[in-house]
Amino acid sequence: MALPDDPLAPKEDIFSEPWHAQVLASAHALVREGHITPTEWADALGAALRQAEAAGAPDTDTTYYLAALEALEGLVPVPSYYLETGLADLALALR
């Protein structure tokens, strides 16, 4: 017997681009590994989103994830971490 679709499951892909998932996974890893605190991440993301809004950026997925990437770049000052995780390549590809 087939089970009905899960009514709580998303109806479409959660991430429209692979780098969207990579940005959030990187932030999660930084928090989980103790490199940044959840509060630091929330504050940096909030500030980046406010800055994007003030600059007139449209309210889109891309704006959100670019703000998340900007927040990560501001929180991770050690270049070696960027090289080890590929964040530098991701940032360059998105610019």
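Details of the structure are given in the entry above.
Note that the structure is a prediction, hence the values are computed from the model and not measured.

1. Notes on the packing of aromatic side chains
For step 1, the next point in the chain: Considering all chains together, one arrives at three aromatic pairs under this definition.
For step 2, the next point in the chain: The rings of Phe15, Trp19, Tyr64 and Tyr65 are connected pair by pair, giving a single aromatic cluster.

2. A closer look at helix α2 (residues 38-54)
For step 1, the next point in the chain: In this model, α2 (17 residues) spans 24 Å end to end at C-alpha, consistent with the 24 Å of a helix rising 1.5 Å per residue.
For step 2, the next point in the chain: All buried positions along α2 are accounted for by Trp41, Ala44, Leu45, Gly46, Ala48 and Ala52.
For step 3, the next point in the chain: Where α2 is buried, its residues meet α1 (18-32) and α3 (61-75).
For step 4, the next point in the chain: Positive phi shows up at Gly56, right after α2, with a value of about 85°.

3. Overview of the pattern of salt bridges
For step 1, the next point in the chain: Applying the stated criterion across every chain, the model contains one salt bridge.
For step 2, the next point in the chain: Arg32 is paired through a salt bridge with Glu33; the nearest N and O atoms lie 3.6 Å apart.

Calculation notes
Residues numbered from 1 in each chain as written. Predicted model: local features only at pLDDT ≥ 70, side-chain atom pairs only at ≥ 80, totals over all residues. Heavy atoms only, no water. Phe/Tyr/Trp six-rings, centres within 6.5 Å; stacked < 30°, edge-to-face > 60°. Helix = DSSP H or I, 4+ residues; strand = E, 2+ residues; numbered from the N terminus. Expected span 1.5 Å × (residues − 1). Buried < 20%, exposed > 50% of the residue type's maximum accessible area, 1.4 Å probe, protein only. Contact = heavy atoms within 4.5 Å. Salt bridge = Lys/Arg side-chain N within 4 Å of Asp/Glu carboxyl O.

Don't take any of this as a statement about function, it's just geometry.
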